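Understanding the architecture of this molecule
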Amino acid sequence: KTIPVQTKQWRKNLNKWETWKSIARFRKELRENQYDLVFDLQGNFKSGLILSQVRSSSKVGFGWQTVPEAPNVLFTHIRINPPLHE
């Protein structure tokens, strides 16, 4: 299942009540289900924060050697270092 997220729009409108309601709805949708496996294919801090709201015992992301933003590894359980292309 893919759940779209509107982080750019939220950042532009943080001072609006409708934005905070949209964030709350998004968080509720993330937490509605227990997932078997979740992938973070971006590896940045923002995607890690979103991943932290997902209910899953297996969260897959980048390892220390390949993660774009190091704090992201705090939100994953299974870390993979794919080969770097030069």
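Above this text is the structure in question.
Throughout this document, residue positions are counted from 1 along each chain, in the order its sequence is written. The predicted origin of the model limits local features to residues at a pLDDT of at least 70 and limits the giving and counting of side-chain atom pairs to 80 or more, whereas totals for whole chains, interfaces and linings rest on all residues. With hydrogens and water stripped out, all remaining heavy atoms of the structure feed into the side-chain values.

1. So, the sheet that holds strand β2 (residues 38–39)
- For two strands to count as paired, DSSP must find a minimum of two bridges between them. The way it works is that DSSP assigns letters per residue, a run of H or I at least four long becomes a helix, a run of E at least two long becomes a strand, and they are numbered from the N terminus. The strand order β2-β4-β5 describes an open sheet built from three strands, whose pairing is parallel. Of all strands in the sheet, those with a lone pairing partner are β2 and β5 (78–80), marking the two edges.
- As paired elements, strand β4 (residues 59–62) and β5 share three bridges and run parallel to each other. Bridge pairing links Phe 62 to Ile 80 in β5.

2. A word on the side chain of Thr 19
- Along the chain, Thr 19 turns up in helix α2 (residues 17–31).
- On the basis of relative accessibility, which here comes to 7%, the residue Thr 19 falls in the buried class.
- Contacts are assigned to residue pairs that have any heavy atoms within 4.5 Å of one another. Not counting residues up to four positions away in its chain, the partners in contact with Thr 19 are Trp 10, Asn 13 and Leu 14. A 1.4 Å probe rolled over the protein chains alone gives each residue an accessible area, and that area as a share of the maximum for its type sets the label: buried under 20%, exposed over 50%, partly exposed in between.

3. Structural notes on a nonpolar patch on the surface
- Nonpolar side chains collect at one region of the surface, where Leu 37, Phe 39, Leu 41, Ile 78 and Ile 80 lie side by side and expose about 520 Å² of accessible area between them.
- Within the secondary structure, Ile 80 is located in strand β5. Within the patch definition used here, like charges are joined within 9 Å and nonpolar side chains (Val, Leu, Ile, Met, Phe, Trp, Tyr) within 5 Å, considering only residues with over 30% relative accessible area and no salt bridge. Surface accessibility in these figures is a Shrake-Rupley result with a 1.4 Å probe; residues are shielded only by whichever protein chains are displayed. Each salt bridge in this description consists of a side-chain nitrogen of Lys or Arg and a carboxyl oxygen of Asp or Glu lying within 4 Å of one another.

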